[in-house]
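Secondary and tertiary structure notes
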Amino acid sequence: MSDFLVEAMQIEDLAEVLDVEGGGGAAWTRQQFVEELQAVHGFQFVARAARSQRVMAFACGRLCGSEAEILKLAVALPWRRRGMGSGLLLHVLAHCRQEGVADCFLEVRASNVAARVLYEKYGFTEAGLRRSYYVSPREDAVLMRMRLTR
Ligand SMILES: CC(C)(COP(=O)(O)OP(=O)(O)OC[C@H]1O[C@@H](n2cnc3c(N)ncnc32)[C@H](O)[C@@H]1OP(=O)(O)O)[C@@H](O)C(=O)NCCC(=O)NCCS
(Lines give C-alpha, C1' and ligand atoms only; values in the text may rest on other atoms or scores of the structure.)
Protein backbone atom coordinates (compact mmCIF):
# COMPACT_ATOMS: atom_id res chain seq x y z
CA MET A 1 0.00 0.00 0.00
CA SER A 2 1.21 3.52 -0.62
CA ASP A 3 -1.00 5.63 1.64
CA PHE A 4 1.55 5.53 4.43
CA LEU A 5 5.30 5.84 4.78
CA VAL A 6 7.70 4.33 7.29
CA GLU A 7 10.42 6.42 8.93
CA ALA A 8 12.77 6.27 11.90
CA MET A 9 11.01 7.32 15.11
CA GLN A 10 12.06 10.71 16.48
CA ILE A 11 11.58 12.10 19.98
CA GLU A 12 9.11 14.62 18.49
CA ASP A 13 6.88 11.67 17.49
CA LEU A 14 6.37 10.46 21.05
CA ALA A 15 3.08 12.27 21.76
CA GLU A 16 1.52 10.56 18.72
CA VAL A 17 3.25 7.25 19.48
CA LEU A 18 1.74 7.35 22.99
CA ASP A 19 -1.72 7.93 21.46
CA VAL A 20 -1.29 4.75 19.40
CA GLU A 21 0.15 2.87 22.38
CA GLY A 22 -2.92 3.72 24.49
CA GLY A 23 -3.15 3.08 28.20
CA GLY A 24 -3.46 -0.69 28.49
CA GLY A 25 -1.76 -2.84 31.12
CA ALA A 26 1.44 -3.41 29.12
CA ALA A 27 1.61 0.13 27.74
CA TRP A 28 5.00 1.83 27.87
CA THR A 29 5.37 5.26 29.43
CA ARG A 30 6.92 8.22 27.64
CA GLN A 31 10.08 7.63 29.71
CA GLN A 32 10.31 4.04 28.47
CA PHE A 33 10.06 5.21 24.86
CA VAL A 34 12.70 7.89 25.52
CA GLU A 35 15.05 5.24 26.95
CA GLU A 36 14.33 2.94 23.99
CA LEU A 37 15.24 5.72 21.56
CA GLN A 38 18.60 5.98 23.36
CA ALA A 39 19.27 2.22 23.36
CA VAL A 40 22.49 1.58 21.45
CA HIS A 41 21.22 -1.54 19.70
CA GLY A 42 17.58 -0.48 19.47
CA PHE A 43 15.53 0.19 16.36
CA GLN A 44 12.33 2.22 16.28
CA PHE A 45 10.09 3.07 13.33
CA VAL A 46 6.83 4.94 12.81
CA ALA A 47 4.31 4.68 9.99
CA ARG A 48 2.68 7.98 9.03
CA ALA A 49 -0.54 8.42 7.09
CA ALA A 50 0.61 10.03 3.83
CA ARG A 51 -2.20 12.56 3.79
CA SER A 52 -2.24 13.79 7.40
CA GLN A 53 1.40 12.95 8.21
CA ARG A 54 0.17 11.69 11.60
CA VAL A 55 1.83 8.69 13.22
CA MET A 56 -0.62 5.79 12.98
CA ALA A 57 1.66 2.89 13.90
CA PHE A 58 5.06 2.16 15.41
CA ALA A 59 7.50 -0.67 16.01
CA CYS A 60 10.42 -1.03 18.43
CA GLY A 61 13.02 -3.74 18.81
CA ARG A 62 16.57 -4.63 19.74
CA LEU A 63 19.47 -6.18 17.86
CA CYS A 64 21.73 -8.60 19.71
CA GLY A 65 24.47 -9.99 17.51
CA SER A 66 22.87 -12.27 14.95
CA GLU A 67 19.49 -12.09 16.74
CA ALA A 68 16.78 -9.46 16.93
CA GLU A 69 13.72 -9.09 19.11
CA ILE A 70 10.61 -7.16 18.18
CA LEU A 71 9.42 -5.56 21.42
CA LYS A 72 6.43 -3.59 20.16
CA LEU A 73 4.36 -3.33 17.00
CA ALA A 74 1.04 -1.50 17.13
CA VAL A 75 -1.35 0.14 14.68
CA ALA A 76 -3.99 2.76 15.64
CA LEU A 77 -7.46 1.20 15.69
CA PRO A 78 -8.91 3.07 12.68
CA TRP A 79 -5.94 2.00 10.57
CA ARG A 80 -6.05 -1.72 11.30
CA ARG A 81 -6.66 -4.25 8.51
CA ARG A 82 -5.33 -1.80 5.93
CA GLY A 83 -1.84 -3.24 5.53
CA MET A 84 0.01 -0.91 7.88
CA GLY A 85 1.06 -3.65 10.31
CA SER A 86 2.36 -5.68 7.38
CA GLY A 87 4.22 -2.69 5.94
CA LEU A 88 5.86 -1.92 9.24
CA LEU A 89 6.76 -5.55 9.93
CA LEU A 90 8.32 -5.93 6.46
CA HIS A 91 10.30 -2.75 7.06
CA VAL A 92 11.56 -4.11 10.40
CA LEU A 93 12.53 -7.44 8.79
CA ALA A 94 14.38 -5.64 5.96
CA HIS A 95 16.25 -3.58 8.57
CA CYS A 96 17.18 -6.75 10.47
CA ARG A 97 18.46 -8.43 7.30
CA GLN A 98 20.51 -5.36 6.48
CA GLU A 99 22.04 -5.54 9.96
CA GLY A 100 23.00 -9.19 9.46
CA VAL A 101 20.35 -10.70 11.71
CA ALA A 102 19.82 -14.45 11.26
CA ASP A 103 16.95 -14.99 13.70
CA CYS A 104 14.16 -12.64 14.71
CA PHE A 105 12.12 -13.35 17.87
CA LEU A 106 9.06 -11.90 19.55
CA GLU A 107 6.55 -12.75 22.24
CA VAL A 108 2.82 -12.43 21.82
CA ARG A 109 -0.15 -13.05 24.10
CA ALA A 110 -1.60 -16.47 23.37
CA SER A 111 -5.06 -14.91 22.80
CA ASN A 112 -3.78 -12.23 20.38
CA VAL A 113 -5.08 -13.84 17.21
CA ALA A 114 -4.57 -10.73 15.03
CA ALA A 115 -0.87 -10.52 15.85
CA ARG A 116 -0.26 -14.26 15.66
CA VAL A 117 -1.90 -14.49 12.22
CA LEU A 118 0.03 -11.44 11.02
CA TYR A 119 3.38 -12.87 12.16
CA GLU A 120 2.64 -16.32 10.73
CA LYS A 121 1.67 -14.74 7.42
CA TYR A 122 5.20 -13.34 7.08
CA GLY A 123 7.04 -16.50 8.16
CA PHE A 124 7.21 -16.55 11.95
CA THR A 125 6.63 -19.93 13.59
CA GLU A 126 5.99 -20.89 17.21
CA ALA A 127 9.21 -21.60 19.06
CA GLY A 128 7.91 -22.10 22.59
CA LEU A 129 5.54 -21.05 25.32
CA ARG A 130 6.36 -18.85 28.31
CA ARG A 131 3.81 -19.80 30.97
CA SER A 132 2.03 -16.93 32.77
CA TYR A 133 4.44 -14.47 31.17
CA TYR A 134 1.92 -11.65 31.04
CA VAL A 135 0.03 -10.06 33.93
CA SER A 136 -3.25 -8.07 33.98
CA PRO A 137 -4.63 -10.40 32.77
CA ARG A 138 -2.27 -13.29 33.46
CA GLU A 139 -1.63 -15.20 30.27
CA ASP A 140 0.96 -17.34 28.50
CA ALA A 141 3.24 -15.81 25.88
CA VAL A 142 3.86 -17.59 22.62
CA LEU A 143 7.48 -17.19 21.58
CA MET A 144 7.73 -16.81 17.81
CA ARG A 145 10.81 -17.03 15.66
CA MET A 146 11.67 -16.26 12.07
CA ARG A 147 14.88 -17.34 10.37
CA LEU A 148 15.93 -14.57 8.02
CA THR A 149 17.45 -15.37 4.72
CA ARG A 150 19.21 -12.81 2.56
C1 LIG B 1 -1.55 -6.96 15.22
C2 LIG B 1 -1.67 -5.63 14.46
C3 LIG B 1 -0.32 -4.90 14.57
C4 LIG B 1 -2.00 -5.90 13.00
O5 LIG B 1 -1.91 -4.67 12.27
P6 LIG B 1 -2.78 -4.43 10.95
O7 LIG B 1 -2.32 -3.16 10.34
O8 LIG B 1 -4.22 -4.55 11.25
O9 LIG B 1 -2.33 -5.66 10.06
P10 LIG B 1 -2.52 -5.83 8.47
O11 LIG B 1 -3.66 -4.99 7.98
O12 LIG B 1 -1.21 -5.63 7.82
O13 LIG B 1 -2.95 -7.36 8.40
C14 LIG B 1 -2.10 -8.34 7.82
C15 LIG B 1 -2.69 -9.70 8.03
O16 LIG B 1 -2.68 -10.05 9.42
C17 LIG B 1 -3.83 -10.85 9.71
N18 LIG B 1 -4.71 -10.11 10.64
C19 LIG B 1 -4.63 -8.82 11.00
N20 LIG B 1 -5.60 -8.53 11.89
C21 LIG B 1 -6.30 -9.66 12.08
C22 LIG B 1 -7.43 -10.00 12.88
N23 LIG B 1 -8.04 -9.08 13.66
N24 LIG B 1 -7.89 -11.28 12.84
C25 LIG B 1 -7.31 -12.21 12.07
N26 LIG B 1 -6.22 -11.94 11.26
C27 LIG B 1 -5.74 -10.68 11.28
C28 LIG B 1 -4.53 -11.08 8.38
O29 LIG B 1 -3.97 -12.21 7.79
C30 LIG B 1 -4.13 -9.82 7.63
O31 LIG B 1 -4.23 -9.97 6.24
P32 LIG B 1 -5.66 -9.66 5.51
O33 LIG B 1 -6.16 -8.33 6.05
O34 LIG B 1 -5.29 -9.62 4.06
O35 LIG B 1 -6.56 -10.79 5.90
C36 LIG B 1 -2.82 -4.74 15.06
O37 LIG B 1 -3.99 -5.53 15.18
C38 LIG B 1 -2.51 -4.13 16.41
O39 LIG B 1 -1.92 -3.05 16.49
N40 LIG B 1 -2.91 -4.81 17.50
C41 LIG B 1 -2.68 -4.28 18.85
C42 LIG B 1 -1.23 -4.30 19.22
C43 LIG B 1 -0.67 -5.71 19.17
O44 LIG B 1 -1.33 -6.66 19.58
N45 LIG B 1 0.57 -5.82 18.70
C46 LIG B 1 1.28 -7.08 18.63
C47 LIG B 1 1.96 -7.34 19.91
S48 LIG B 1 3.13 -8.65 19.75
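For the structure given in this document, a descriptive report is provided here. Computed from a predicted structure; not experimentally measured. (Residues numbered from 1 in each chain as written. Predicted model: local features only at pLDDT ≥ 70, side-chain atom pairs only at ≥ 80, totals over all residues. Heavy atoms only, no water.)

**Some details on the site of the ligand**
The local shell around the ligand holds 19 residues, among which Leu73, Val75, Arg81, Ser86 and Asn112 are the closest. The backbone of Arg82 places a nitrogen or oxygen atom 3.2 Å from an oxygen atom of the ligand. Separating an oxygen atom of the ligand from a side-chain N or O atom of Asn112 is a distance of 2.6 Å. Summarising the interface, the protein chains cover 73% of the accessible area of the ligand, which totals 920 Å² for the free molecule. Counted by class, the shell around the ligand contains ten nonpolar, four polar and five charged residues. (Near = heavy atom within 4 Å. Polar contact = N/O pair within 3.5 Å; in protein donor to acceptor, adjacent residues only side chain to side chain. Areas by Shrake-Rupley, 256 points an atom, 1.4 Å probe, with all protein chains shown as cover. Nonpolar A, V, L, I, M, F, W, Y, C, P; charged D, E, K, R; others polar.)

**Quick notes on helix H4 (residues 113-121)**
Those residues of H4 that fall on the buried side of the exposure criterion are Ala115, Arg116, Leu118 and Tyr119. Taken down its axis, H4 places every buried residue within 160° of arc, on the same side. Residues of H4 that are exposed and angled more than 90 degrees away from the buried face: Val113, Ala114 and Lys121. If you follow the buried residues of H4, they end up packed against strand S4 (67-75), helix H3 (84-98), strand S5 (103-109), strand S6 (125-134) and strand S7 (139-147). Within two residues after H4, Gly123 carries a phi angle of roughly 110°, on the positive side. (Buried < 20%, exposed > 50% of the residue type's maximum accessible area, 1.4 Å probe, protein only. Helix = DSSP H or I, 4+ residues; strand = E, 2+ residues; numbered from the N terminus. Arc of directions from axis to C-beta. Contact = heavy atoms within 4.5 Å.)

**Looking at the pattern of salt bridges**
Across all of its chains, the model carries 13 salt bridges by this definition. The shortest N-O distance in the salt bridge between Glu107 and Arg130 comes to 2.7 Å. Of this pair, Glu107 sits in strand S5 while Arg130 sits in strand S6, placing them 23 residues apart in sequence. On the accessibility criterion, Glu107 (19% relative accessible area) is buried. You can call Arg130 partly exposed: its relative accessible area is 34%. Salt bridges sharing partners connect three or more residues here, namely Glu7, Asp13 and Arg48. (Salt bridge = Lys/Arg side-chain N within 4 Å of Asp/Glu carboxyl O.)

**Digging into the packing of aromatic side chains**
To describe a pair of aromatic rings, one takes the distance between the centres and the angle between the planes. All told, the structure shown has five aromatic pairs when counted by the stated rule. Here Phe33 and Phe58 contribute two aromatic rings whose centre-to-centre distance is 5.4 Å and whose plane-to-plane angle is 85°, an arrangement assigned as edge-to-face. Remark: Phe58 occurs in strand S3 (residues 55-64) and Phe33 occurs in helix H2 (residues 30-38); sequence separation between them is 25 residues. Here Phe33 matches Phe58 in class, with each residue buried. On the numbers, 5.5 Å between centres and 65° between planes, the contact of Tyr119 with Phe124 is edge-to-face. On the accessibility criterion, Phe124 (2% relative accessible area) is buried. Aromatic ring contacts, followed pair by pair, group Trp28, Phe33 and Phe58 into a single cluster. Directly above the aromatic system of Trp79 lies the positively charged group of Arg82, at a separation of 4.0 Å from the ring centroid. (Phe/Tyr/Trp six-rings, centres within 6.5 Å; stacked < 30°, edge-to-face > 60°. Lys NZ or Arg CZ within 6 Å of the ring centre and 35° of its normal.)

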